[in-house]
Amino acid sequence: MGELKDVAVALAISLVLAGVVYGIDYMVFQSGSGAYVEKYTATLYPNGTLVEEYTYRITADGKYSMLYRVWDSPLVRGSMNEPHVELLNITVPDGCVAYVKDTHGLVWASNSEYASQIEKRAGRNEVGCYNPSRFPAGTYVVRYVFRLHPPLKYDGERYLLNLYLLGASHLIHRSVHIRVVGNGSLENLYVYPPDMAVKEDADGYVVEGSLSRDIPLRLILLYRDSAMEAYTSSVDEDLVDSARRDAEIDGLIYSVAAWSYRAAKYCVILFPAVLIAVYLIYGREKSYYVPDELPTPPYREKPWLVHYIFHRMSLGFGVDGFYATLLDMHQRGLIEIMEVTKETMRIRFVKPWKAEDEYERNIVKVLLKWSSGGVFDLDEVRQKLIEAYQSKDKDRWMEIQKDFDMLLSPPSHMLQKVLREYIWDLWGVVKFGILASVILILVQTSILFTAFYLKSFTLFGILAASFMFIQFGLLLRGGGSVFGRWRGDHYREKLQWDAFRRFLKRCAKHGDLSHNTLSEEYLPYAVALGVGVEVAEKMKKAGISVLPISDMYGITRIWYSISYSYVTSAGGGVGGVGGFGGGGAGAR
């Protein structure tokens, strides 16, 4: 039941996470949350005239009263002495009030009765239509005619216009169709985002595609000559190379953001189905009958092996394995743990040559190296650490650290060999998934800070990648039950050690312990299985003489606090910036 429970928990949580990601993706990038632009058409003429037509689709009945188009650049109905957008005409659906609130905050409305209401609700540089009784669900077409008076860069041969038709805040645009009329003056055109289709025709270019929420729509245009009433500044740089380089950088950032988001999204959504398939093909174990509790250790395995293989296999080796091995060596007479307090540990060597495996031999080697008079005193090692810290002797400190690391875990090749003997696994896939999710989070976070205008991808990308991390992390909880299979009858051993651990926990919490219930020989296994402190405390209350296990863990905390002190004392796009235009379609 333990295996099925692990799989069921992982599957249930994964389904919830997949549902959340799908729901957010649908609401933000597909449904439009009540309103979206079904079709956007625009025509840009050489003299700067821009004709836009928005076909709005409202699905939330009675929710919205304003359909608008806002600009990031100044919007006026006349002229001004700086780059600006001039409104020439607006056509709105029957029964609606056309309005504009210019860059100075002045409001014009086709029906002045509603001017004060529009003034309170509209933002500056906004033009649109107002329905006092709110829009029923349906389709609405709004047409604008603007004259652009943009800033142009000029290198002596060509003019460059960096135009944002839509900025970083707008509705979903299901269909986009833009025609750029060149009349022989337009030399080249670069489009952002890069997944828009660009076709050249006799009069210029046609741009088609769709646009997710809040993704900028940018045109970089190179003209041989300009018929626009614009504001021109001379530059020394080559505008051709500059425009191409600008477009390539923006396109790369967008592609990375979009593909990393989609990778995380599809991984999260498909994960439950893959989880079930992998479990059925690779992870399902044989059925064994094992009692719920076992009152004795099922096998006389090495405590560190029990700790790593049968308790923490998917989580890696922990300090419990080291302390369990020390206790086992103490009980076998290889060493004598003379004293254990919250501040030190003293060990005497009795028969160190009887160490049976590489890990035990490493423990003996390190303890002998830092001992004096046949006794290892952790307080003396700590003093050596402090001296190395005070004298800034990094080599000495690193030597002590390296040796202590040998104490806390068997060599990696030894762990891998043992793991291969017990488990046939696909843990490489799990580790790759966890690593990939971390990389996706870092990529999306870095893009968020460098290109905030891509926040719709990056914020949800970070969320999706975090869910992906959780999903793969859930597989670690199962100890190999999903992405691995125990070799031979080792799964039965796993179940038996689990049953023995439940017995120890119950005894430690509720049992009336005596010498007949628990033996001191069980203590290394209790430590290896992560219940050593509780069992030791209960054994003390029952009158059984045992070492103070809780104090042993205090020693590790002392070591890490000293090590950390030494380490801390010994020790940081072109796209959305600039341009003309921006803004986009919205509904409120």
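On a predicted model such as this, the values are computed, not experimentally measured, just so you know.

Examining the environment of Leu252
Within the secondary structure, Leu252 is located in helix H3 (residues 239-283). Along the backbone, Leu252 and Pro193 are 59 residues apart, and their C-alpha atoms lie at a distance of 9.6 Å.

A closer look at the sheet that holds strand E15 (residues 204-211)
One open sheet holds the eight strands; their spatial order is E4-E5-E9-E2-E1-E12-E15-E14, and the pairing between them is mixed. With one partner strand each, in any of the chains shown, strand E4 (75-76) and strand E14 (197-200) form the two edges of the open sheet. Where strand E2 (residues 49-58) lies against strand E9 (residues 138-149), ten bridges are found, and the strand directions are antiparallel. Bridged to Val51 within E9 is Val145.

Comments concerning a nonpolar patch on the surface
Among the surface-exposed residues, Ile13, Val438, Leu442, Phe469 and Ile470 lie close enough to one another that they form a single nonpolar patch of about 400 Å² accessible area. Broken down by secondary-structure element, the contributors of at least two residues to the nonpolar patch are helix H10 (427-450) and helix H11 (455-477). Mapped onto the elements, Ile13 comes out in helix H1 (residues 2-31). Given a relative accessible area of 34%, Ile13 falls into the partly exposed group.

Here we look at the packing of aromatic side chains
A complete count under the given rule lists 13 aromatic pairs for this structure. Measuring from centroid to centroid gives 4.4 Å for Tyr154 and Tyr159, while their planes differ by 25°, and the two rings are stacked. On the basis of relative accessible area, Tyr154 is assigned to the partly exposed category, the value being 24%. You can call Tyr159 buried: its relative accessible area is 19%. Through a chain of ring-to-ring contacts, the aromatic side chains of Tyr40, Tyr54, Tyr56, Trp71, Tyr144 and Phe146 assemble into a single cluster. Residue placement shows Arg69 over the ring face of Trp71; its charged tip is 3.6 Å from the ring centre. The ring of Tyr68 is capped by Arg588, whose NZ or CZ atom sits 4.2 Å from the centre of that ring.

Some details on the pattern of salt bridges
By the definition in use, this model includes 13 salt bridges. The salt bridge partner of Arg332 is Glu356, with a shortest N-O separation of 3.4 Å. Of this pair, Arg332 sits in the loop between helix H5 (319-331) and strand E18 (335-340) while Glu356 sits in the loop between strand E19 (345-349) and helix H6 (358-369), and the two are 24 residues apart along the sequence. Exposure remark for Arg332: the relative accessible area of 29% places this residue in the partly exposed category. One salt bridge in this structure joins Arg332 and Glu360, with 2.7 Å as the shortest N-O distance. Of this pair, Arg332 sits in the loop between H5 and E18 while Glu360 sits in helix H6, and the two are 28 residues apart along the sequence.

Brief notes about the packing of H6 against helix H8 (residues 394-408)
Between H6 and H8, whose axes approach to 8 Å, the crossing angle comes to 145°. Read as a crossing pair, H6 and H8 show a hand that is left-handed. Judged by residue contacts, Tyr359, Asn362, Ile363, Val366, Leu367 and Lys369 of H6 engage Glu399, Asp403, Met406, Leu407 and Leu408 from H8. For the contact of H6 with H8, a count of residues per class yields seven nonpolar, one polar and three charged.

Focus: the side chain of His307
With respect to the helices and strands, the residue His307 is situated in helix H4 (residues 303-311). Taking relative accessible area as the criterion, His307 reaches 0% and is therefore assigned buried. A polar contact of 3.0 Å, which involves the side chain of His307, links it to the backbone oxygen of Ala528.

Some thoughts on unusual backbone geometry
The step from Tyr192 to Pro193 runs through a cis peptide bond, and the omega angle for that step is 5°. Here Pro193 shows up in the loop between strand E13 (186-192) and E14. Positioned with a positive phi, Asn125 is a non-glycine residue whose angle comes to about 60°. Relative to the helices and strands, Asn125 resides in the loop between helix H2 (115-121) and strand E8 (126-130). In this structure, Arg134 is a non-glycine residue whose phi angle is positive, near 70°. Along the polypeptide, Arg134 turns up in the loop between E8 and E9.

Reading the values: the criteria
Residues numbered from 1 in each chain as written. Predicted model: local features only at pLDDT ≥ 70, side-chain atom pairs only at ≥ 80, totals over all residues. Heavy atoms only, no water. Helix = DSSP H or I, 4+ residues; strand = E, 2+ residues; numbered from the N terminus. Pairing = 2+ DSSP bridges. Patch = residues over 30% accessible without salt bridge, like charges linked within 9 Å, V, L, I, M, F, W, Y side chains within 5 Å. Areas by Shrake-Rupley, 256 points an atom, 1.4 Å probe, with all protein chains shown as cover. Salt bridge = Lys/Arg side-chain N within 4 Å of Asp/Glu carboxyl O. Buried < 20%, exposed > 50% of the residue type's maximum accessible area, 1.4 Å probe, protein only. Phe/Tyr/Trp six-rings, centres within 6.5 Å; stacked < 30°, edge-to-face > 60°. Lys NZ or Arg CZ within 6 Å of the ring centre and 35° of its normal. Axes fitted to C-alpha atoms, helices over the stretch in contact; angles between N-to-C directions. Left-handed = near helix turned anticlockwise from the far one by under 90°. Contact = heavy atoms within 4.5 Å. Nonpolar A, V, L, I, M, F, W, Y, C, P; charged D, E, K, R; others polar. Polar contact = N/O pair within 3.5 Å; in protein donor to acceptor, adjacent residues only side chain to side chain.

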